[in-house]
Every structure is written in structure tokens, then in C-alpha cells.
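Each chain, letter by letter, is given below.
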Amino acid sequence: MRFDLVDLQLFIAVADQRSITRGADRAHLALASASARIKGLEEALGVLLLKRGRRGVELTAAGESLLDHARLVMHNVEAMRGDLASFASGVRASVLLLANTSGLSEHLPKALAAFLREHPDINVDVEERESVDIANAIAVGAADLGFAAEHALPDNVERFLFSEDRLMLVTGRRGPLSGRRQIDFVEVAEFDFVGLTNSTALQMHISKHAARLGMRLRFRARLRDFDAICQMVAADVGIAVVPEAAARRCARSMPIVTVRIRDSWANRKLVICARSFKTLPRPAKQLVEYLRKAER
């Protein structure tokens, strides 16, 4: 079985473009050379990878499998190049971590800050994504690590528990719900809400479950952080759904009350995940080891 990284790069380009012609152009290869390389891949592997048609190509089941492996190989090659280049130039190594809204704002900052203090040779690039998107990115090898709600992960993604993330309803102390200890989310359908901006992963999660209950939430205001949201709630602008850690922190300094949401979707387990912890680049492994110790 003989093929090289150029073959894998070409196959990824053809799969993304659904065309050998456009894939060849993206891979900076002549069409004849690209066609020969694809044919050579199929002969080396002994399977048909592409279904060729008038409008382009479609991946066979074997092609889909090769695409997953090819993306992972190229991700690891780029990680290797980055690691070795950092040794040669003195530039810091970098880890790409995808995190959902709660992780980014409430659970990760303290642990990441401590890790970065202890490892001045490593940078961590954190991007906010919805848990489902994180799961997809990790599964295809597009990121080193993820911090996501466990329910969104497929079985083939490795993970370990980092923290619990219960979502709580917060209301003003003078509000009609201030005397409640727990509530079914459908009971708040007629209330005004204060929420996160539409682009945040957590707001998408809340809105998705509201829609499944047939609810259309009415937002008086949308903001980008939980402290600002709780300040609006304290001023009786509306009620809100925020992570328990943020709710309890804000309740110590603001006139708000927390109410437990009984719905199962409000009780989430947050995990650190990777396609394979063993195959991670060295800097990512160091971060994983640190986060394992910091889990709570």
C-alpha cells in the first residue's frame, strides 16, 4: 500500500469540492496527475473511493472512511510541524480548544490561567462553539480538545468528566416566581426573558429545548455575559436561564433568587473530550493532564 501526503491532501480537496477537477485545482495539481493519483489510491487500497458522475463525484462508504482518516492524519502532521517549528524558532506551541458557553465563561478560565502560568512555552486558542459542533469537529480531527456537554458526544469520542453544569432560572426577589424552589420550564412560557445573544452556544441550547416544548421565548434584552444578564433580572426586566455557578455568584451581590429547573436538559455533565487522548500532540497532552487534576 503506497501513497503519500499529497495523495491524502488531494483526496480531501476532491471530497470537499465534490469534483476531481476543482479538487485538483485546489491541490495545485494538473487534472491528469490528480486523476492518476486518485486511481492509484483506489488500486492501492483495493476499493472504489468515488462514484463518478456528470455533475461531479460522490464518496462511497470506503471513501467516507478514508476521508475521516485522511483529515486526522493531516491534522496530526500539521500539529507535528507546529511542535517542531516551535522548538526550532523558540515560538510557543499552540493547542486548539473548543468550548461551549458555560465552559468558556464559568468553568475553564481559572484552570487555563493556572496552566498557562506553569507552561510559558504553550499557547491555548479557545473558540466558543455549541456542544454538537464541538463533537463534530473533534470526531473529524479539526481540533485538539473540546469542552462540551456529554450528551452531545458520539460514542467514539473519548472524554472525562470535568464538572456538572446545572442550568438555573433566576428571577428578581420581588418577582412572582421568587417563592418557588423548582419549576418545569414550560411554566415560564408567558414571562419576559433576558438572554444571551443568539450566536452563543448556550442560548442555542436553551432555545432548542424551548422550541421542543412549543415555547417561543420573549426576550426584552440580550447580552453577552451572565453578570450583565443577572443585573437586568435584578432590575425586574425579566427572568433568565444561567449556569448554577454564575447564578449563585451573582445572587451573593444582587437581589435575585435562583429556581431549580426540573427538565432533564437543564442538568448537564461537562466533559473534556478528544478523538484519542493518546494520539494528541505533546502540548495538548500536557493540558489534558492538568485538566484531569483540576476536574471537580
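Details of the structure are given in the entry above.
This section reports on the structure supplied with the text. (Residues numbered from 1 in each chain as written. Predicted model: local features only at pLDDT ≥ 70, side-chain atom pairs only at ≥ 80, totals over all residues. Heavy atoms only, no water.)

**A short note on the overall build of the chain**
Secondary structure summary: the chain contains eleven helices and twelve strands in total. For the chain, the C-alpha atoms occupy an extent of roughly 75 × 50 × 30 Å along the three principal directions. Considering the chain as a whole, with its 296 residues, one finds that 47% of them fall into the buried category. Considering only contacts in the chain between residues 6 or more positions apart, those separated by 24 or more positions represent 75%. For the chain, the exposed surface amounts to about 15,200 Å²; the carbon and sulfur share of it is 50%. When the 43 positive and 36 negative side-chain charges of the chain are each reduced to one mean point, those points stand 2 Å apart. (Helix = DSSP H or I, 4+ residues; strand = E, 2+ residues; numbered from the N terminus. Buried < 20%, exposed > 50% of the residue type's maximum accessible area, 1.4 Å probe, protein only. Contact = heavy atoms within 4.5 Å. Areas by Shrake-Rupley, 256 points an atom, 1.4 Å probe, with all protein chains shown as cover. Lys, Arg positive; Asp, Glu negative; His and termini not counted. Charge placed at Lys NZ, Arg CZ, Asp CG, Glu CD.)

**Thoughts on the side chain of R268**
If you trace the backbone, R268 turns up in strand 12 (residues 267–274). Within the structure, R268 has its side chain in polar contact with the side chain of S102 (distance 3.2 Å). At 2.7 Å, the side chain of R268 forms a polar contact with the side chain of D165. Contacts of R268, omitting those with residues within four sequence positions, involve N100, S102, A149, H151, S163, E164, D165, L167, L202 and H205. (Polar contact = N/O pair within 3.5 Å; in protein donor to acceptor, adjacent residues only side chain to side chain.)

**What about the packing of aromatic side chains?**
For any two aromatic rings, the description comes down to two numbers: the centre-to-centre distance and the angle of the planes. Counted according to the given criterion, the structure contains six aromatic pairs. Look at F115 and Y290: their rings are 5.6 Å apart centre to centre, the planes differ by 65°, and that puts the pair in the edge-to-face class. Of the two residues, F115 sits in helix 6 (residues 109–118) while Y290 sits in helix 11 (residues 282–294), which places them 175 residues apart along the sequence. For Y290, a relative accessible area of 18% translates into the label buried. Geometry around F219 places R222 over its ring, the cationic atom sitting 3.9 Å from the centre. Positioned above the aromatic ring of F277, the side-chain terminus of R292 is 5.2 Å from the ring centre. (Phe/Tyr/Trp six-rings, centres within 6.5 Å; stacked < 30°, edge-to-face > 60°. Lys NZ or Arg CZ within 6 Å of the ring centre and 35° of its normal.)

**Considerations on the nonpolar core**
Among the nonpolar cores identified, the biggest contains 37 residues, and L169, F185 and V188 are the most heavily contacted of them. Elements with a minimum of two residues in this core: strand 6 (158–172), strand 8 (192–196), helix 8 (201–212), strand 9 (218–223), helix 9 (226–234), strand 10 (240–243), helix 10 (244–251) and strand 11 (256–261). Membership of the second largest hydrophobic core comes to 25 residues, among which are A99, A111, L112 and V124. (Core = buried A, V, L, I, M, F, W, Y, C linked by side-chain atoms within 4.5 Å.)

**Focus: the pairing of strand 1 (residues 50–53)**
Bridge count for strand 1 against strand 2 (residues 56–59) is four bridges, and the pairing is antiparallel. Within strand 2, the position partnered with L50 by the bridge is L59. With antiparallel pairing between neighbouring strands as the criterion, strand 1 and strand 2 make up a hairpin whose turn holds two residues. (Pairing = 2+ DSSP bridges.)

**Section: the environment of F193**
If you trace the backbone, F193 turns up in strand 8. Given the relative accessible area of 2%, F193 is considered buried. Separated by 46 residues in the primary sequence, F193 and I239 have C-alpha atoms spaced 4.8 Å apart. Here F193 is in contact with F185, V188, L217, R218, F219, R220, A221, I239, A240 and V241, once residues within four sequence places are set aside.

**Concerning the pattern of salt bridges**
All told, the structure shown has 19 salt bridges when counted by the stated rule. Across the pair D16 and R26 runs a salt bridge whose closest N-O atoms are separated by 3.5 Å. On the criterion of sequence distance, the pair formed by D16 in helix 1 (residues 5–17) and R26 in helix 2 (residues 20–26) is long-range, its members being ten residues apart. Taking relative accessible area as the criterion, D16 reaches 34% and is therefore assigned partly exposed. You can call R26 partly exposed: its relative accessible area is 44%. The residue D16 makes a salt bridge to R71 at a minimum N-O spacing of 2.6 Å. Remark: R71 occurs in helix 4 (residues 61–89) and D16 occurs in helix 1; sequence separation between them is 55 residues. (Salt bridge = Lys/Arg side-chain N within 4 Å of Asp/Glu carboxyl O.)

**So, the packing of helix 1 against helix 3 (residues 31–45)**
Axis separation between helix 1 and helix 3 bottoms out at 10 Å; the angle between their running directions is 105°. One way to sum up the angle between helix 1 and helix 3 is to call them roughly perpendicular. Between helix 1 and helix 3, the contacting residues are V6, D7, L10, F11 and V14 on the first element and A34, R37, I38 and L41 on the second. Considered class by class, the residues forming the contact of helix 1 with helix 3 number seven nonpolar, no polar and two charged. (Axes fitted to C-alpha atoms, helices over the stretch in contact; angles between N-to-C directions. Parallel < 35°, antiparallel > 145°, perpendicular 65-115°, else oblique. Nonpolar A, V, L, I, M, F, W, Y, C, P; charged D, E, K, R; others polar.)

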